[in-house]
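As a plain string of letters, each chain reads:
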Amino acid sequence: MAALGAVLALVLVPLTGTAAVSADGKPSVKLSKSQAGTGGSITVTGSGWRSKTLLMMLICGQSVPSRGVIGGTNSCANADGRAVTTDAKGSFSKRLPVTEPPKPCPCVVHVATVTGEKAEADAIFMVAGHSVEPLPKEESGGRLSVLTDTRLDGASGLLTWFGSPPSRKLVFTVGNVGTAPVKNPVFQVGTSHGVFAPQWEEQQWRGTIAPGRKAQIKLPVELSAGAHGDYMVSLKYGGKVLAEQPWGVGRPWGVTLFWILLCVVVPGAVFRIGMTVVDRVRPHRSNGRGGRHRGLHLPELALRMPKLSPPPASAPVASKTSTTPTLPWFTPDSDPGTTENGQLSAPQENSPTTKGNT
């Protein structure tokens, strides 16, 4: 019975340890190799993550699992990272190429969630041939901790509606939980959009926080011109992320309206300019005297038409020797009814042949 009890104890101890790790709920990461050179690859496996979650795997320098990634993602080989999605059980397995990080070792393989609730895990790793330097000393004395939820104060103005950079104030309250005062702390504020890593910017707060005291801090946050969509504002102090605040930025509809008006006005202006050029370049009709052809107006037409007046009542009867009437459309020499002796009758009546016959 004693031997049987010892065997059961040896079997149940590993099972109890595994159950304790799973019940803890913290994600874990394991590597196929603890050391590899540049150009090779390792297999990263993980468990305990949320199901169907997008993760990012990076090789980071100047880091250990106990202190995390001290320099943030700036100390990681971001260009050679790999994304992986967990399965329904919260597990994954993915090959990761080995690349030298920008910071010296000690190094870790850093795995963190991209969207949703923040979770991360590190596994110690050594890049063969990469430089190794001691970690920076951990600050002792004063330590800051965020006591309240962060919020973004401010509103968008008319200029933001037309593409001006959106800006807000990140407001939060911190308390000094250390034993020494913290003077002029330097925070890092980062903004990220989608799956991209945050772009960190250092901002110093002027003031001193005594041990056991708290202070409200406001830090400016500004995005690029024309930014819109869902952004995440992160706050980091001492190499650790203290808080994250989502920020939904509306679309600058004024820019869209400007482009619509531009697409309507510019073609209209080009059409008018083109018609003006065509009107100036095309040849004009002439009226036979070298001038520009112009239509006859009614006053001009009335002046050019012959005036028709009724004959006078007491007009004398024209004699045979009366002068030839002048018509406006015939000259005196071309009058069809005029003869040499001034008669208007047919020439056959006064011919010599006619008189002889009578």
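Keep in mind that what you see is a predicted model, and the values were worked out from it rather than measured.

## Examining the sheet that holds strand β16 (residues 199-204)
Ordered by their spatial adjacency, four strands build an open sheet running β16-β15-β19-β20, and the pairing between neighbours is antiparallel. A strand with exactly one partner marks an edge of an open sheet, and here the two such strands are β16 and β20 (240-249). Adjacent strand axes in the sheet meet at a mean angle of 25° when their direction is disregarded.

## Details of the state of the cysteines
Considering all chains together, one arrives at two disulfides under this definition. Each sulfur in the disulfide pair C60 and C76 lies 1.9 Å from the other. Taking the sign of the S-S torsion, 100° for the link of C60 and C76, the bridge is right-handed. Placement of the pair is C60 in strand β4 (residues 54-60) and C76 in the loop between β6 (68-69) and β7 (82-85), with a sequence separation of 16 residues. Comparing C60 with C76 shows no difference in burial state: the two are buried. With a sulfur-sulfur separation of 2.0 Å, C105 is cross-linked through a disulfide to C107. Taking the torsion about the S-S bond as the criterion, the C105 to C107 disulfide, at about -95°, is left-handed. A relative accessible area of 0% means that C105 is categorised as buried. Cysteines bonded in the protein are numbered consecutively along the chain; their disulfide partners then correspond to 1-2, 3-4.

## Digging into the confidence of the model for the protein
This prediction gives the protein a mean pLDDT of 77; 71% of its residues lie at or above 70. pLDDT under 50 marks residues 317-322. Its contacts with residues more than four places away, or in other chains, come to one contact. Considering only residues more than four positions removed or in separate chains, one finds that residues 353-358, a stretch of pLDDT under 50, has two contacts.

## A closer look at the pattern of salt bridges
Counted under the stated rule, the structure contains three salt bridges. For the salt bridge of D153 with R151, the shortest nitrogen-to-oxygen distance reads 3.1 Å. Overall, the relative accessible area of 28% leaves D153 in the partly exposed class. On the basis of relative accessibility, which here comes to 41%, the residue R151 falls in the partly exposed class.

## Topic: a nonpolar patch on the surface
Together, L158, W161, F162, W253, L257, I260, L261, V264 and V265 make up a nonpolar patch on the protein surface, roughly 940 Å² of accessible area in all. Residue assignment for the nonpolar patch shows that the elements contributing at least two residues are α2 (158-161) and α3 (253-281). The dominant element in the nonpolar patch, judged by the number of residues it contributes, is α3, at six residues. Judged by relative accessible area, F162 falls into the partly exposed class, the value being 45%.

## Quick word on unusual backbone geometry
Each neighbour pair has its own omega, and for C105 with P106 the value is 20°, a cis peptide bond. Tracing the backbone through its elements, the reader meets P106 in the loop between β8 (92-97) and β9 (107-113). A positive phi angle, near 45°, is found at N184, a position not held by glycine. Of note, N184 is situated in the loop between β14 (182-183) and β15 (186-193). Using a relative accessible area of 21% as the deciding quantity, one classes N184 as partly exposed.

## Some details on the sheet that holds strand β3 (residues 41-47)
Strand pairing in a sheet relies on backbone hydrogen bonds, with the paired strands running either antiparallel or parallel. Strands sit in the order β1-β3-β8 across an open sheet of three strands; the sheet is antiparallel. Two strands lie at the open edges of the sheet, namely β1 (28-31) and β8, each paired on one side alone. Going from strand to strand, the sheet's axes swing by 25° on average, the running direction of each strand aside. Here β3 runs beside β8; their pairing, made up of six bridges, is antiparallel. In the sheet register, S41 faces β8, and the bridge partner there is P97.

Definitions and limits used
- Residues numbered from 1 in each chain as written.
- Predicted model: local features only at pLDDT ≥ 70, side-chain atom pairs only at ≥ 80, totals over all residues.
- Heavy atoms only, no water.
- Pairing = 2+ DSSP bridges.
- Helix = DSSP H or I, 4+ residues; strand = E, 2+ residues; numbered from the N terminus.
- Axes fitted to C-alpha atoms, helices over the stretch in contact; angles between N-to-C directions.
- Disulfide = S-S within 2.5 Å.
- Buried < 20%, exposed > 50% of the residue type's maximum accessible area, 1.4 Å probe, protein only.
- pLDDT = per-residue confidence, 0-100.
- Contact = heavy atoms within 4.5 Å.
- Salt bridge = Lys/Arg side-chain N within 4 Å of Asp/Glu carboxyl O.
- Patch = residues over 30% accessible without salt bridge, like charges linked within 9 Å, V, L, I, M, F, W, Y side chains within 5 Å.
- Areas by Shrake-Rupley, 256 points an atom, 1.4 Å probe, with all protein chains shown as cover.

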